[in-house]
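Spelled out from the first residue to the last, the chains are:
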Amino acid sequence: MAERGDKLYIGTNRGLSESVIGSMVRGLIAKDLTKEEAYALIDTIINNNFGHDPVDKGGDIISYDRKTGEMKVLMTGEVGTSFRMAINYNDDIYIGSYAGMTNNIYRIDRDEKIEKVYETTSGTSMRAACEHDGNLYFGGVDSTEELPEGYEDAAKLAILKMDKENPSKWDRVADVSDFDPVYATNPAVKNSITSPVWDIVSYDGYIYATLPYGHGFVCNLQIFDPVHRLWC
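Residues numbered from 1 in each chain as written. Predicted model: local features only at pLDDT ≥ 70, side-chain atom pairs only at ≥ 80, totals over all residues. Heavy atoms only, no water.

Novice: Account for unusual backbone geometry, with residues named and values stated.
Specialist: The phi dihedral of D32 is positive, around 80°, even though this residue is not glycine. Mapping D32 onto the fold places it in the loop between α1 (16-30) and α2 (35-46). Given the relative accessible area of 71%, D32 is considered exposed. The backbone of N90 shows a phi angle near 55°, a positive value even though the residue is not glycine. With respect to the helices and strands, N90 occurs in the loop between β5 (82-89) and β6 (92-98). Judged by relative accessible area, which is 52%, N90 ranks as exposed. (Helix = DSSP H or I, 4+ residues; strand = E, 2+ residues; numbered from the N terminus. Buried < 20%, exposed > 50% of the residue type's maximum accessible area, 1.4 Å probe, protein only.)

The structure is reproduced here in structure tokens:
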């Protein structure tokens, strides 16, 4: 979620609730309940808040005016698409997405026109961003990256910096070789439910990045010095 003036911009998840309900019903049917019995049980648990024909739809990008209370859906993603984070940079809103093996960054200008400014076809999602020293950085994956020796099974970890003059141009300031392969090849990093980079923040001249590890918990901290383009 990000704010601009009187408006909030929110990216929602895909229709996971409906998908989960469908899985629960199939599991109950496998236990010899009829479809009607399975849905009757589920309806009791969820207080009839969902229908009986669950659909896995894409998430929405929504604007909400705090003064008027008006809410608008600016965009609905394709099936399986989730919008996982948002950031205001120079009064434009940037939103990262997850859609299976396609991960994008969208820009919402002041007229609320939406433009895709980055796309990658490798990895999980774009869920980390920060502003540092007047520049916008995103953490995630970069499908154009070539994996070096020793990293053949790694996620294509990347920290990207946007060109100030061209929001569709991104410079990869750190790639998988800047991270220990113990982390880059860990199943938690490559898991489609998580993300190669969970978060990046700017503090005291450095960018701090957190990575998942083990059973999905964050336990590794990387520090990037943008001036010398070095990870500490």
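Novice: Residues and numbers for the environment of R26, please.
Specialist: Here R26 shows up in helix α1. By relative accessible area, R26 is classed as exposed at 55%. Along the sequence, R26 and A38 sit twelve residues apart, while their C-alpha atoms lie 8.3 Å from each other.

Novice: Please give an account of the sheet that holds strand β3 (residues 60-65) that cites residues and values.
Specialist: The four strands lie next to each other as β1-β2-β3-β4, forming an open sheet whose pairing is antiparallel. Of all strands in the sheet, those bounded by a partner on one side alone are β1 (2-4) and β4 (71-76). Averaged over all pairs of adjacent strands, the angle between strand axes in this sheet comes to 25°, irrespective of strand direction. Alignment of β1 against strand β2 (residues 7-11), held across three bridges, turns out to be antiparallel. By the bridge assignment, A2 is partnered in β2 with Y9. (Pairing = 2+ DSSP bridges. Axes fitted to C-alpha atoms, helices over the stretch in contact; angles between N-to-C directions.)

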